[in-house]
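Inside the fold
The chain contents come next:
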Amino acid sequence: MYIASIRLAVALVCVGVSLILSAQWLGLIPDPIAMTLESRKARCEIISINASAHIRKQQWVDLTSSLKTIIQRDPDLLSIGLRTESGQLRVDTGTHKQTWATAMNDSSTADIMRVPITQNRRPWGEIEFCFRRVQPTTLMAIAENASYRLIGYFAFFGLITYTIFVARIMGVFNRTQVVPNRVRQALDTLAEGLLVLDDKKTIVLANSAFTDTVGMSAEELDKKTVDELPWILDAASTVELPWVQAIDNGETRTDVKLRIKLADGRERILSVNAAPLGADQQRGALATFRDITHVEEHRVELEQMLLMLRSSRDEISRKNRELEILATQDALTGCLNRRAFFERFEKHWNLAKSRNTPLSCVMIDNDHFKSVNDTYGHHTGDEVLRAVSKVIRVMHEEFDLVCRYGGEEFCVVLPGRTIEEAEVEAEKIRIAISEIKFGDPKELRLTASLGVSEISLGAIDPQGMINQADTCLYVAKRSGRNRVVPFNPSFDEIQVDDSKVSRTKESEEPEESVPFQAVTALVSALAYRDASTAEHSRRVADLCVRASENLLDQRSTYVLEIAALLHDIGKIGVPDAVLLKPGPLTAEEWKIMSSHDRIGVEIVAGTFQCKEIAEIIETHHAHYGGRATDARLPCGNDIPLLARILTIADSYDAMTSDRVYRKGRSHEEAMVELRRCAGTQFDPELVEHFAAKITGTEVEASATRVRVPKDVAIQIGLQIERLADAIDSQDTEGLKALASRLGKLARHCNIETIADAATRIEDQIKDDEEVQWMSLLQETQHLLDCCRATQNSYLTVADSLVETST
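Residue positions are counted from 1 within each chain, in the order its sequence is given. With the structure being a predicted model, the display of local features is reserved for residues of pLDDT at least 70 and the display and counting of side-chain atom pairs for 80 or more, all residues being used for whole-chain, interface and lining totals. Side-chain metrics in this entry use all non-hydrogen atoms of the structure; hydrogen atoms and water are not considered.

1. Description of the overall build of the protein chain
Stated precisely, the cut-off is as follows: Secondary structure elements are taken from DSSP: a helix is a run of H or I of four residues or more, a strand is a run of E of two residues or more, and numbering for both begins at the N terminus. Partly exposed describes any residue whose relative accessible area lies between the buried limit of under 20% and the exposed limit of over 50%, with all areas from a 1.4 Å probe on protein chains only and scaled to the type maximum. Contacts: residue pairs with any heavy atoms within 4.5 Å of one another. Each accessible area is a Shrake-Rupley result for a 1.4 Å probe, and residues are judged covered by the shown protein chains and nothing else.
Helices and strands together make up the secondary structure of the protein chain, namely 31 helices and 15 strands. Looking at the 806 residues of the protein chain, the share that counts as buried comes to 47%. Look at the contacts in the protein chain between residues 6 or more apart in sequence, and 65% of them connect residues 24 or more apart. Looking at the protein chain as shown, the accessible area adds up to about 41200 Å², and 52% of this sits on carbon and sulfur atoms.

2. Quick look at helix α12 (residues 338-355)
Here is the rule: The length a helix should cover is 1.5 Å for every residue beyond the first.
Relative to the 26 Å expected for 18 residues at 1.5 Å per residue, α12 spans 25 Å between its end C-alpha atoms, a close match to the ideal helical length. When α12 is considered as a whole, its buried residues turn out to be R338, R339, A340, F341, F342, F345, E346, W349 and A352. Positive phi appears at N356, one or two residues downstream of α12, with a value of about 60 degrees.

3. Section: the sheet that holds strand β12 (residues 401-406)
Convention followed: Paired strands, in this sense, are two strands between which DSSP finds at least two bridges. Lines fitted to the C-alpha atoms define the axes, with helices restricted to the stretch that makes contact. Angles between their N-to-C directions range from 0 to 180 degrees.
Taken in spatial order, the 5 strands make up an open sheet running β12-β13-β11-β14-β15, and their pairing is mixed. Either end of the sheet is taken by a strand with one partner, and the two such strands are β12 and β15 (484-486). Taking the axes of each pair of neighbouring strands and ignoring which way they run, one obtains an average angle of 20 degrees across the sheet. On the sheet, helix α15 (residues 419-434) packs against β11 (359-366), β13 (409-415), β14 (448-454) and β15 and is oriented at approximately 165 degrees with respect to β14.

4. A closer look at unusual backbone geometry
Peptide bonds are, in most cases, trans, and in most cases residues other than glycine have a negative phi. Of note, the bond from D440 into P441 is cis; its omega dihedral lies within 30 degrees of zero at 0 degrees. Structurally, the position occupied by P441 is in the loop between α15 and β14. Located in the positive-phi region is Q58, a residue other than glycine, with phi close to 60 degrees. Among the secondary structure elements, Q58 is positioned in the loop between α2 (32-56) and α3 (60-73). Of note in this structure, D255 is not a glycine but carries a positive phi near 50 degrees. Counting through the fold element by element, D255 comes out in strand β8 (residues 253-261). With relative accessibility at 44%, the residue D255 sits in the partly exposed group.

5. Regarding the pattern of salt bridges
Rule in force here: Every case where a carboxyl oxygen of Asp or Glu lies within 4 Å of a side-chain nitrogen of Lys or Arg is listed as a salt bridge.
For the structure on display, the rule yields 33 salt bridges. With its nearest N and O atoms 2.9 Å apart, the salt bridge here joins D653 to R539. In this pair, D653 sits in helix α24 (residues 641-656) while R539 sits in helix α18 (residues 531-547), placing the two residues 114 residues apart along the sequence. There is no split in this pair, since D653 and R539 are both buried. Residues joined by salt bridges that share partners form a network here, namely R40, R43, D74, D76 and D111.

6. Focus on a nonpolar patch on the surface
This is how it is decided: Residues qualify for a patch when their relative accessible area is over 30% and they have no salt bridge, like charges being joined within 9 Å and the nonpolar side chains of Val, Leu, Ile, Met, Phe, Trp and Tyr within 5 Å.
On the surface, a nonpolar cluster with roughly 550 Å² of combined accessible area is contributed by Y153, F156, F157, I160 and I164. Position of I160 among the secondary structure elements: in helix α6 (residues 146-176).

7. Points about the nonpolar core
A general tendency of soluble globular proteins is for nonpolar side chains to be buried together. Test applied: Residue types Ala, Val, Leu, Ile, Met, Phe, Trp, Tyr and Cys, when buried and joined through side-chain atoms within 4.5 Å, form a set referred to as a nonpolar core.
With 73 residues, the main nonpolar core has F341, F345, Y405, I466, L566, L674 and F690 as its most contacted residues. Counting residues in each nonpolar core, the second largest holds 30 residues, with L385, A422, I433 and F438 among its members.

8. Notes on the packing of aromatic side chains
Spelled out, the test is: Think of it this way: a Phe, Tyr or Trp ring, Trp meaning its six-membered ring, pairs with another when their centres are within 6.5 Å, and the plane angle makes it stacked under 30 degrees, edge-to-face over 60, tilted otherwise. Whether a charge lies above a ring is judged from NZ of Lys or CZ of Arg, which has to be within 6 Å of the ring centre and within 35 degrees of the ring normal.
Going through the model one piece at a time under the given rule, you end up with 12 aromatic pairs. The interplanar angle of 45 degrees and the centroid separation of 4.8 Å between the aromatic rings of Y153 and F157 together place this pair among those described as tilted. Taken as a pair, Y153 and F157 lie in helix α6 at a separation of 4 residues, close to a single helical turn. For the ring pair F341 and F342, a centre distance of 5.6 Å and an interplane angle of 70 degrees mean the geometry is edge-to-face. Residue classification places F341 among the buried residues on the basis of a relative accessible area of 0%. When its relative accessible area of 1% is taken as the criterion, F342 is described as buried. Ring pairs connect the aromatic residues F210, W231, W243 and F289, which therefore count as one cluster. Its end group placed over the ring of W60, R90 keeps NZ or CZ at 4.0 Å from the ring centre. Over the ring of Y405 we find R338; its NZ or CZ atom is 4.3 Å from the centre of that ring.

9. Considerations on the pairing of β14
The two faces of the sheet receive side chains in turn, since in a regular strand these alternate between them. Quick note on the threshold: A crossover counts as right-handed when, viewed with the strands pointing away from the observer, the path leading from the first strand over the helix to the second turns clockwise.
Of all the 7 residues making up β14, 7 are buried; the element is thus mostly covered by neighbouring parts of the structure. The alternating pattern of β14 places A448, L450, V452 and E454 on one face and S449, G451 and S453 on the opposite face, and all of these are buried. Taken together, the 7 bridges between β11 and β14 define a ladder with antiparallel strand orientation. The residue bridging I364 from the neighbouring strand is L450, located in β14. Here β14 pairs with β15 via 3 bridges, running parallel. What sits directly across from V452, in β15, is P486. Between the parallel pair β14 and β15, the chain is carried across by helix α16 (residues 462-478), and the sense of this crossover is left-handed.

10. Description of the confidence of the model for the protein chain
Where we set the bar: Residue-level confidence of the predictor is what pLDDT reports, using numbers from 0 through 100.
Looking at the protein chain as a whole, its pLDDT mean stands at 80, while 82% of the residues score no less than 70. The low-confidence segment residues 495-511 (pLDDT under 50) makes 31 contacts with residues lying over four places distant or belonging to another chain. Overall, residues 801-806 carries pLDDT values under 50, and its contacts beyond four positions in sequence, including any with other chains, amount to 14 contacts.

11. Quick notes on the sheet that holds strand β5 (residues 193-198)
The strand order across the open sheet built from 6 strands is β6-β5-β10-β9-β8-β7, with neighbouring strands paired in antiparallel fashion. The open sheet has two free edges, formed respectively by β6 (203-206) and β7 (231-232), since each of these has just one partner strand. Where β5 and strand β10 (residues 284-291) come together, 6 bridges link them in antiparallel fashion. Note that in β10 the partner of V196 across the bridge is L286. Packing of helix α10 (residues 242-249) onto the sheet brings it into contact with β5, β7, β8, β9 (267-277) and β10, and relative to β9 it is tilted by some 10 degrees.

12. Section: the packing of α12 against α16
Put simply, the test is: Just so you know how the angles are binned, under 35 degrees is roughly parallel, over 145 roughly antiparallel, 65 to 115 roughly perpendicular, and the rest oblique. By the convention adopted, Pro, Cys, Tyr, Trp, Phe, Met, Ile, Leu, Val and Ala count as nonpolar, Lys, Arg, Asp and Glu as charged, and the other residues, Gly among them, as polar.
Axis separation between α12 and α16 bottoms out at 10 Å; the angle between their running directions is 105 degrees. What the angle tells us is that α12 and α16 run roughly perpendicular. For the pair α12 and α16, the contacting residues are F341, F342, F345, E346 and W349 in the first and P462, Q463, M465 and I466 in the second. Taken together, the residues of the contact of α12 with α16 break down into 7 nonpolar, 1 polar and 1 charged.

13. Points about the pairing of β13
Counting buried positions over the 7 residues of β13 gives 6, a clear majority of the element. Note that β11 and β13 share 7 bridges and pair antiparallel. Residue pairing in the sheet places I364 in a bridge with F410 of β13. Sheet analysis places β12 next to β13, joined by 5 bridges and oriented antiparallel. Pairing of C403 across the sheet is with C411, part of β13. Joining the antiparallel neighbours β12 and β13 is a turn of 2 residues, in which G407 adopts a positive phi near 60 degrees.

14. Section: the packing of helix α29 (residues 732-748) against helix α30 (residues 752-764)
The cut-off we apply is this: Crossing handedness is read from the near helix: turned anticlockwise from the far helix by less than a right angle, it gives a left-handed crossing, and turned clockwise, a right-handed one.
Contact geometry for α29 and α30: axes closest at 8 Å, N-to-C directions at 155 degrees. If you check the angle between α29 and α30, you find them roughly antiparallel. In terms of crossing hand, the pair formed by α29 and α30 is left-handed. Residues L735, K736, A739, S740, L742, G743, A746 and R747 of α29 touch α30, and the partners they reach there are I754, A755, A758, T759, I761 and E762.

15. Observations regarding the environment of K68
With respect to the helices, strands and loops of the structure, K68 is situated in helix α3. Among the residues examined, K68 registers a relative accessible area of 36% and is labelled partly exposed. Sequence separation of K68 and I80 is 12 residues, and the distance between their C-alpha atoms is 8.0 Å.

Take a look at the structure:
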């Protein structure tokens, strides 16, 4: 830039000198030589007039003195002489004679001038003047000529002045005028900020979008380098700024995120793109700045929300696993419950049958357990059951099936074990139980009776093999307890226990198989249709199993449990408008609802070849006093015993369960109602037996579980997991379908909070509108919170059951 400035300054000086010379040639500047000659003429005329006066008065001395004085005071005048007409030198200032002679011979030594003098109008003579030369040597002429001095002064100082001036002008021009105004105006219309930088990273141009973004005016940015702006840089970061790489390395950088601090303390996040200017050499860089503050804040909010969703999903998955455990395990002992046990037992049974491999079963009964409860209390009885179950689970839970079959009885299924191997394992269990010791009471010692059976001993289904092992167990008890008894076909003729329903081989018909997998499939279908009814059936089955203790044998208990699970299966055929109505039914709707018993009997009769279950379901609405709505139903003791138990359990759960249109009764109120109807609707003896087996604590837990059913909590948790996955993948179609399904499930179960949240998620997703993901994430988070509350309500109850079960 400075070389260019000097060149321009020289050109300007040359132009100026040319103008001065042309002005002098045109006469616009006076000629100093001519002016000098004119001045000399004037002085000569004056001196001549003065000399004429002295001559007229004959004052020669004064004249001589006066001329000498003039010579002394005028450095330009060399000498003066007064010469008469005859040629006589009348007055000489001293050296005039020699100076005049020299000037006459060599005109380059001095300039001469003559002025004639007259007296009385007659020529008298002339006065001679010798002046210094007006045009000396070239160098002297240049030094003494005013025009040349002016030109020299102008050339020297003009060159310096013009250089400084042009350099400054060029600097201003480079910064402010490098882009034409029309281009500048076009750049000001851009939404993104733009900087044009020179090779020193100095800001040449900043458009209005950039000045608005950083809160600085164009004047404040003038003369600044881009590095001087208040960027917020990570001290540990070694990444070069994008414009540095563009200028130094000629690299184009895109989408580099930088932070800048504004004057008011706020921060802005900018996405920076930088590209070099100049093809062969870097002359600067062009940098664009896009304000992504809101985008980044929105992204951070999305990430935080997604993190919350993932955390909620993980928590729900964990609680689902807890619920799965509760759905398959006994709350007190941690062993498999009956339904989970039979589901897995069926699989092992079918596998052993298909592969012709051994499969054994061990039934375990704690000896004198009733006396433990009576002597030490139910709390100690619970500790006994926990200790015994822990011993069995440690020995067999990893590879075998361990189930709390009922009360103090446990069942262990040993896949791949022959009866001899099972007998050895049973003996180990017996010894381990006998070695259990308690800190309080220290004197308490345990023994157990065990029965062993195997698949090859004639059982037609899993329940049959359990019955064989159960028969062996009672043989062990009659033989003195604390022993292991393997099954023997001759045991079929033994009557098991007078307190239980007894059958002999001669009197009973062949036991009919009831595959538990088929039962599970039907209950799952009912749960999908109406989850609350399916949960009611499971609770009734639990009540029936507890009520059958010390009343039925294992086979009958199993049949009763299956009948309880399927007693409302006919509701699958009831229309949704009636089945899911959130309020009391009309007479016509009750008529439609009452048809579900007939449908259920047809489903069970067509699915299982077990007339006993179909008979229980068909007669469980019969009144003990004979005043049932259907006159064809039996009454009194003609009603099957299992049906009478089911009737009581079904009615009890219906009374203690909450409904949309009423709140469930307490245990005490329900028992009062059962006793009030004893003899008319219910078997009075069975009512008292039921009251003895069912406690108020269990009722309270059951009532809570009605509000938040276990299977519903699991299903909702699974749907929420899928919903979170759909959010992660931004699958709007899948999200909408899952929300719809979840809302339907929640409405069926009268869980309005979840239903409303699911509906809002559906409303957020429109086919013709852009999805607002932040709002959608917030709604999903709310739905997750509702789901966690649903699971927590059930898990809290389940934990309380662990403390109260016996």
